[in-house]
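One-letter residues, chain by chain:
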Amino acid sequence: MIHFEVPQERELAPRLDAVLEAIYAAFGLGWDDMAGGDQRGRDLAEEAIWLARVLLQLMPGQAEVHGLLALMLHCEARRAARRGPDGRYVPLSEQDPQRWSLPLIEEAERHLGEASSRGRLGRFQLEAAIQSVHAERARSGRTAWPAIVMFYEQLIRISPTLGTRTGYAAAVAEAKGPEAGLAVLNGIDPDDVSAYQPYWAVRAYLFQRLGKISEAAAAFDRAIGLTEDPAVRQFLLHRRG
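Every value quoted in this text rests on a predicted model; they were computed, and no experiment measured them.

Colleague: Go over helix α5 (residues 102-117), please, and point to the residues and values.
Modeller: Look at α5: 23 Å from first C-alpha to last across 16 residues, which is about the 22 Å you get at 1.5 Å a residue. For α5, the full list of buried residues reads I105, E107, A108, H111, L112 and A115. Axial view of α5: buried residues confined to an arc of 160 degrees, hence all on one face. Those residues of α5 that are exposed and angled more than 90 degrees off the buried face are P103, R110 and S117. Once α5 finishes, G119 follows within two positions and takes phi at roughly 70 degrees, a positive value.

Here is the structure:
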């Protein structure tokens, strides 16, 4: 018989990064089911949040555990707003904040505040801070893009992933204009983004804002071809015009 037991905190600490990444990956799989048609997707996201709560009980002094939980709660708070009544995909910028879950947002903010008080900044805290700025739109009616740009700049120093750099480009475009956002995108190695759908979707949108119709159409076509979700594909087709 194999016996299972919870490791001691001293044994957990060296494994923490891998555990946090695994929990977030599980949440991401559930989050990707945006249509909500598969209950397993919602169950997986809820399971990931539950695991983060368990980990927090075991390691209450770890700032990044608080940060990860805050990040997932902020995202989960917007689940109901991600689709219209007809199943239409609704991007964050067009979501009705009244449909966001205020209790989940408030809980996320408590954990983010607790993480900040620990004085050990990390990737998940920064990602949660970005989502916190977005959540403020429910109260103020606006998005403080300069603050989001600042958090992305710190995040890039810690985790310069394609997702981070693409998100940074989108935030820069909102804060400083589409030309500035495109300049950020142009600084990414083309070989790295050949099959990365968010990059092409952002690029298409920025070209469209600049009135560069043919460049926008080509980028939209690339993004549409890389999109697996039918509702997102329909959204991009509609935006392409």
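Colleague: Account for helix α4 (residues 63-77), with residues named and values stated.
Modeller: Helix length check: α4 (15 residues) gives 21 Å between terminal C-alpha atoms against 21 Å at 1.5 Å per residue, within 8%. Burial of α4 is extensive: 15 of the 15 residues sit out of reach of the surface.

Colleague: How would you explain the packing of helix α6 (residues 123-135) against helix α8 (residues 145-158) if you had to name every residue and give the values?
Modeller: Helix-helix packing is described using two parameters, namely the angle between the two axes and the distance between the axes. Their axes nearest at 9 Å, the elements α6 and α8 cross at an angle of 165 degrees. Here α8 runs roughly antiparallel to α6, going by the angle between their axes. Crossing angle aside, the handedness with which α6 passes α8 is left-handed. Counting all contacts with α6, which are made through R123, L126, E127, A129, I130, V133 and H134, the residues of α8 involved are W145, A147, I148, F151, Y152, Q154, L155 and I158. Split by residue class, the contact of α6 with α8 holds eleven nonpolar, two polar and two charged.

Analysis parameters
Residues numbered from 1 in each chain as written. Predicted model: local features only at pLDDT ≥ 70, side-chain atom pairs only at ≥ 80, totals over all residues. Heavy atoms only, no water. Helix = DSSP H or I, 4+ residues; strand = E, 2+ residues; numbered from the N terminus. Expected span 1.5 Å × (residues − 1). Buried < 20%, exposed > 50% of the residue type's maximum accessible area, 1.4 Å probe, protein only. Arc of directions from axis to C-beta. Axes fitted to C-alpha atoms, helices over the stretch in contact; angles between N-to-C directions. Parallel < 35°, antiparallel > 145°, perpendicular 65-115°, else oblique. Left-handed = near helix turned anticlockwise from the far one by under 90°. Contact = heavy atoms within 4.5 Å. Nonpolar A, V, L, I, M, F, W, Y, C, P; charged D, E, K, R; others polar.

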